[in-house]
Amino acid sequence: MRGRVVLAAMLGAAAFVAAPAAPAEPSTQDSLTGKGPVGWQTYRDLTAAAQLRPDSQVRQFSSFDRTGGNNDGFNNTYSCLRHSGDGCVIAERRGAGEIDSMWFTRDYGSMVHNGRIKVELDGRVVVDELLAELVDGKAGAPFVWPLVGNGDDTAGGSVVKVPMPYRESMRVTVQKDPFFYHVTYREFTDARGVTTFNPRDAAQDVVNRLRGFGIRDPKPALPGASAQRFAGDVASGAAAPVASLSGSGWVSQVRVRLPQVVASPRVGSDGRAFGAGGSSAFTVAVDKNNDGVRLTRRVDPTIADQVARITVNGKEVGRVESGPVRNGQWLDQVVEVPASVTKGKSSLKVGVEYVSSALDVNEFRYDVHSKLGGSWTRTDVLDLGPAHDGEETAHGYTIRNQSWEGSRVFRYPADPAEVTASDAVLAGARLRATFDGKTTVDAPVGEFFGSGLGEYDTRTLFSSIDATADGWYTAWWPMPYGTSATVELVNGSGVPITGAVVEVTSAQDRAVAGGLSAGELGHFNATHRRGDAVPDQSWNFLEAEGTGVFYGVTQSMRGNIPSGNRRNYLEGDETVYVDGAASPALYGTGSEDFYESGWYFRDGTTYVMPEAGNPAYELDGDGCRYDCTGAYRLMVGDAVSFGSSLRFDIEHGPADNEPADYSSTAYWYGTAGKSLTETDTVDAADDASRTEHGYTADGETRGSLTSTVEGRGDTTPVTRGVTAATGEVSFTVEVAQDNKGVRLLRLGDQNAAYQRATVLVNGKRVGEWLQPLGNAHSRWLEDSFELPASATEGKSSVTVTIQPADGGPAWSAATYRVLSRG
């Protein structure tokens, strides 16, 4: 926590109209479906993060190098599935689902040369805009910050996080070949409960909710919630119990304050300045129950003798002075506004006016704290400057007589020994939580809340680190328990912890126990790993068995490259393997791309957004030997569901070849029971298996293929028989009689893209199997098709018929594996 200069003002109150309350939330139990929340419910019902999603599978189209190399978009080699009259088709799918996330980069984050983007859902155009204007927020709500972000918002990428559900089909086309991209979407087993996205629905309540990311709990308040608190010292090697809960309910908030920890000194920030006669104004949120408000103002004291007048709701509350020149340092100025001005109000209008200066008056950031119960709690942040246009707009920021805009990378004055001790506490002190007798959370305090390299100011949708004086670390993950829960702070840092405060907020809910026992809800997990990166072996975020949903990760990357491209560790791609499939469900294009940025985070530019960020960058110091990056990624709509197993990896370097010290904390929900079981396998190249399953195929050719599988198998050739059919294929397979749906996994040859077929079960059409992917290098692909429960439940066997589309490529298959969902 940083020291500061304090100006206290004792002035009278001023009238102000409170902001309207957000719409009421539906209860989690009301929204329970096997798909998880759909459409805007994705953000309206965040308590449902604990809900398992057996009827929803996450998939991704991306520009990854089909040869397994590092050409993930540089030459547009793999950037288009096909070309149409509208341009480059980058995503295409038949059946029900939802587009949840789109990311792009080129030209250091500028989208100008991509031209237009067209999104078609169920045969209707719902988006047709210049991509640059779409991510700039110029298309209007709901396509506004932070549901969209441009290259400045994300330090080199561009994102669209608007959930766009569809019932029958989707297609995304970019006018010009886009270089690097990801389109991540969900596949649903059927269209029940799915309404096609309406671009005229501004979803302003969702926009407002997300604009409070890292500041306010994004979930609805729980009735009857109460807090248990620990306050005191924790000796090295000791554990402090914080909360012991019994019954059925939720932990809805955990927050920690460690006064001895000092903030990491290196900070990058952008800002603005105004000259004589100039001023700025903006609106900030406060808690109406406040007993006063604190404004913390970041300035660059390179300009001497800056004096500004601060007003709140038109009344002067203080003056701030920067003093003499201090090169290369940040200065925090603090104004404490008394309750007589602020109490009972939920927002304040702040004005800053030029009084005098050697040149002009600058400002980079405002942190706003409300005094509640004797403690300062952050209730808003305005991070301003040319890279924060969306945040400025959200706060109604205006500036008069602007004289400068730009960015700085400076340091706060700090004792190196205190920084080292603070880093040790954040890395060695652990938050440990046990739910229903099983410890599922055991992670370092720093990384759990969003920064593993030190105390860097961090704001995510589900957590935050407030690096101002006496700031709280807060997490809002919904954590269900059926019979009991305990939370403790464990000090394994080797440094005594003094004056710690830990709070756990919870509420009873008898329905939770039933949801957990029925397999509708999963326990919250935070799984930590740290170690040296191993050559030829990707870093593993999570390897889990059972049923669950992966929601994201905080990663600390400490590169050990002494010379040359010291950021080459960021060339590693992520791969995600779900339920034993040989091919990855997601295949990325680079580490900073996974964190929705680009170009090595614009060469070390830090940023935060609700679902991804790079809050920490260290270089040759502050505990970093060479080059170190701290980043987080949350996957909310695009959370990865699994029914039997999950493996989520990321490379360190383009070929797992760069030395590094990595650590990560993965956030997920799960239960030990598996909801998918393999009940049959058809080998289309084996005569005995064909006979056993009544396998027939018209227009069939049979042969052998030697090739590799994309992802981790792309260097190991596999030889086996394979078939291709231009006519109808039929076979009968065993399924679990108590199934709730069936997944077919087809291993085939993807040399020919856009294989397409109608699928029938027992003679009834259940959908269209479309596979746009093609790869002439790693030709083996194991893809999947979901057979809905309406066609399979109550049956011990089903006959599957596949009818390849006329005029399309032959339908390739070597095997079909059958997974029954229980």
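What counts and how
- Residues numbered from 1 in each chain as written.
- Predicted model: local features only at pLDDT ≥ 70, side-chain atom pairs only at ≥ 80, totals over all residues.
- Heavy atoms only, no water.
- Helix = DSSP H or I, 4+ residues; strand = E, 2+ residues; numbered from the N terminus.
- Rg over C-alpha atoms; globule rule 2.2 N^0.38 Å.
- Buried < 20%, exposed > 50% of the residue type's maximum accessible area, 1.4 Å probe, protein only.
- Contact = heavy atoms within 4.5 Å.
- Areas by Shrake-Rupley, 256 points an atom, 1.4 Å probe, with all protein chains shown as cover.
- Lys, Arg positive; Asp, Glu negative; His and termini not counted.
- Charge placed at Lys NZ, Arg CZ, Asp CG, Glu CD.
- Phe/Tyr/Trp six-rings, centres within 6.5 Å; stacked < 30°, edge-to-face > 60°.
- Lys NZ or Arg CZ within 6 Å of the ring centre and 35° of its normal.
- Pairing = 2+ DSSP bridges.
- Axes fitted to C-alpha atoms, helices over the stretch in contact; angles between N-to-C directions.
- Polar contact = N/O pair within 3.5 Å; in protein donor to acceptor, adjacent residues only side chain to side chain.
- Disulfide = S-S within 2.5 Å.
- Expected span 1.5 Å × (residues − 1).
- Arc of directions from axis to C-beta.
- Salt bridge = Lys/Arg side-chain N within 4 Å of Asp/Glu carboxyl O.

J.: Quick question: what am I supposed to make of the overall build of the chain here?
T.: Looking only at helices and strands, the chain features 12 helices and 56 strands. A compact globule built from 822 residues would reach a C-alpha radius of gyration of about 28 Å, and the chain, at 27 Å, matches this within 12%. In terms of overall dimensions, the chain has a C-alpha envelope of 90 × 60 × 50 Å along the principal axes. Every one of the 822 residues in the chain was classed for burial, and the buried ones make up 63%. For the chain, contacts bridging at least 24 residues in sequence account for 79% of all contacts bridging at least 6. When the accessible surface of the chain is totalled, it reaches about 27,700 Å², and 48% of it is carbon and sulfur. Treating the 77 positive side-chain charges of the chain as one cloud and the 103 negative ones as another, the clouds have centres 4 Å apart.

J.: What is the right way to read the environment of Leu130 from this model?
T.: Take Leu130: it is sitting in strand S7 (residues 124-130). Exposure remark for Leu130: the relative accessible area of 34% places this residue in the partly exposed category. Through-space distance from the C-alpha of Leu130 to that of Asp593 is 22 Å; in sequence the pair is 463 residues apart. When near neighbours in sequence (up to four residues on either side) are disregarded, Leu130 contacts Gly115 and Arg116.

J.: What exactly am I supposed to notice about the environment of Pro496 here?
T.: With respect to the secondary-structure elements, Pro496 resides in the loop between strand S32 (484-491) and strand S33 (497-508). Residues Pro496 and Ser370 lie 126 residues apart in sequence; the distance between their C-alpha atoms is 30 Å. Discounting chain neighbours no more than four positions away, the residues touching Pro496 are Val234, Ser236, Gln260 and Asn491.

J.: Would you take a moment to explain the packing of aromatic side chains for this structure?
T.: How two aromatic rings sit relative to each other is set out by the distance from centre to centre and by the angle between their planes. Scanning all chains against the criterion turns up 32 aromatic pairs. Here Trp330 and Phe364 contribute two aromatic rings whose centre-to-centre distance is 4.9 Å and whose plane-to-plane angle is 70°, an arrangement assigned as edge-to-face. With Trp330 in the loop between strand S19 (315-321) and strand S20 (331-337) and Phe364 in the loop between strand S22 (361-363) and strand S23 (365-372), this pair connects stretches of sequence that are 34 residues apart. Judged on exposure class, the residue Trp330 and its partner Phe364 are both buried. Members of the aromatic cluster, each reached through a chain of ring pairs, are Phe448, Phe449, Phe462, Tyr473, Trp477, Phe524, Tyr551, Tyr667 and Tyr669. Sitting over the face of the ring of Trp769, Arg746 holds its NZ or CZ atom 5.3 Å from the ring centroid. Over the aromatic face of Trp811 sits the side chain of Arg746, whose NZ or CZ is 3.9 Å from the ring centroid.

J.: Got a minute to help me understand the sheet that holds strand S50 (residues 742-749) in this structure?
T.: Consider a sheet: its strands pair through backbone hydrogen bonds, and that pairing is either parallel or antiparallel. Read across the open sheet, the 4 strands follow the order S45-S56-S50-S53; overall the sheet is antiparallel. With one partner strand each, in any of the chains shown, strand S45 (676-683) and strand S53 (780-787) form the two edges of the open sheet. Taken over all neighbouring pairs, the strand axes of this sheet differ in orientation by 20° on average, direction set aside.

J.: Help me out: how do you make sense of the side chain of Asp383 in this one?
T.: Tracing the chain through its elements places Asp383 in strand S24 (residues 375-383). Using a relative accessible area of 10% as the deciding quantity, one classes Asp383 as buried. In terms of polar contacts, Asp383 uses its side chain to reach the side chain of Arg365, at 3.3 Å. Look past the residues within four positions of Asp383 in its chain and what remains in contact with it is Ser269, Phe364, Arg365, His388, Glu391 and Arg459.

J.: What am I meant to see in the state of the cysteines here?
T.: If you walk through the whole model with that rule in mind, you get 2 disulfides. A sulfur-sulfur separation of 2.1 Å characterises the disulfide bridge that pairs Cys80 with Cys88. Torsion about the S-S bond of the Cys80 and Cys88 cystine: about -120°, corresponding to left-handed handedness. Note on accessibility: Cys80 and Cys88 belong to one class, buried. Between the sulfur atoms of Cys624 and its disulfide mate Cys628 the distance is 2.2 Å.

J.: Mind showing me how you'd approach the sheet that holds strand S55 (residues 811-813) here?
T.: Strand order in the open sheet formed by 3 strands is S47-S48-S55, and the pairing between neighbours is antiparallel. Edge positions in the sheet fall to strand S47 (700-707) and S55, since each of these pairs with one other strand and no more. The mean angle between the axes of side-by-side strands here comes to 30°, regardless of whether they run parallel or antiparallel.

J.: How do you make sense of helix H6 (residues 416-428) when you look at a structure like this?
T.: Residues separated by three or four positions in an α-helix point in the same direction, a consequence of the helix having 3.6 residues per turn. The end-to-end C-alpha distance of H6, which contains 13 residues, comes to 18 Å, matching closely the 18 Å that a straight helix rising 1.5 Å per residue would cover. Turning to H6, its buried residues are Val419, Ser422, Asp423, Val425, Leu426 and Gly428. For H6, the elements touching its buried residues are strand S26 (429-435), strand S27 (438-444), helix H7 (445-449), strand S30 (473-475), S32 and S33. Sitting at the amino-terminal end of H6 is Asp415, which places a side-chain oxygen 2.9 Å from the backbone nitrogen of Ala417.

J.: Where do I start with unusual backbone geometry in this structure?
T.: It is generally the case that most residues other than glycine have a negative phi and that most peptide bonds are trans. Here the bond from Ala141 into Pro142 is cis, since omega is 10°, no more than 30 degrees from zero. For Pro142, the position within the fold is in the loop between helix H2 (131-135) and strand S8 (148-149). Here the amide bond leading from Trp145 into Pro146 is cis, since omega sits at 0°, within 30 degrees of zero. Relative to the helices and strands, Pro146 resides in the loop between H2 and S8. Located in the positive-phi region is Asp603, a residue other than glycine, with phi close to 60°. By the secondary structure assignment, Asp603 is in helix H10 (residues 599-604). A positive phi angle, near 55°, is found at Asp622, a position not held by glycine. Considering the arrangement of structural elements, one finds Asp622 in the loop between strand S40 (612-621) and strand S41 (624-634).

J.: Explain helix H8 (residues 510-517) here, please?
T.: Residues of H8 that are buried: Val512, Gly515 and Leu516. All buried residues of H8 project into a common sector of 95° when viewed along the axis, lining one side. Away from its buried face, by an angle of more than 90 degrees, H8 presents the exposed residues Arg510 and Ser517. Buried residues along H8 sit in contact with strand S15 (249-257), strand S31 (479-481) and strand S34 (523-532). Capping of H8 at its N-terminal end is provided by Asp509; its side-chain oxygen lies 3.0 Å from the backbone amide nitrogen of Ala511.

J.: For this particular structure, what's the right way to read the pairing of strand S36 (residues 547-559)?
T.: For a regular strand, side chains alternate in direction, first toward one face of the sheet and then toward the other. Of all 13 residues making up S36, 13 are buried, and the element is well covered by its neighbours. Of the pairings in the sheet, the one linking S36 to strand S44 (residues 660-671) comprises 12 bridges and is antiparallel in character. Each bridged residue has a counterpart across the sheet, and for Thr547 the counterpart in S44 is Thr671. Pairing geometry for S36 and S41, over 8 bridges, is antiparallel. Pairing of Gly559 across the sheet is with Asp627, part of S41.

J.: When you look at the pattern of salt bridges in this model, what are you seeing that I'm missing?
T.: Pairing of side chains with opposite charge becomes possible as their charged atoms draw close. This structure, assessed with the given rule, holds 58 salt bridges. Note that Arg821 is salt-bridged to Glu786, the shortest N-O span being 2.9 Å. In this pair, Arg821 sits in strand S56 (residues 815-821) while Glu786 sits in strand S53, placing the two residues 35 residues apart along the sequence. By relative accessible area, which is 3% here, Arg821 ends up buried. Residue classification places Glu786 among the buried positions, given a relative accessible area of 8%. Each of Arg82, Glu92, Arg94, Glu120, Arg171, Arg756 and Glu768 takes part in salt bridges that share partners, so that together they form one network.

J.: Please clarify how the pairing of strand S21 (residues 347-356) should be interpreted in this entry.
T.: Relative to S21, strand S16 (residues 266-285) runs antiparallel, the two sharing 7 bridges. The residue of S21 that forms the bridge with Phe282 is Val350. Of the pairings in the sheet, the one linking strand S18 (residues 307-312) to S21 comprises 6 bridges and is antiparallel in character. Across the sheet, the residue bridging to Ala308 is Tyr354, located in S21.

J.: Is there a simple way to think about the side chain of Thr440 in this case?
T.: Among the structural elements, Thr440 can be located in strand S27. Excluding residues that lie within four positions of it along the chain, Thr440 makes contacts with Ala433, Phe435, Phe524, Asn525 and Ala526.

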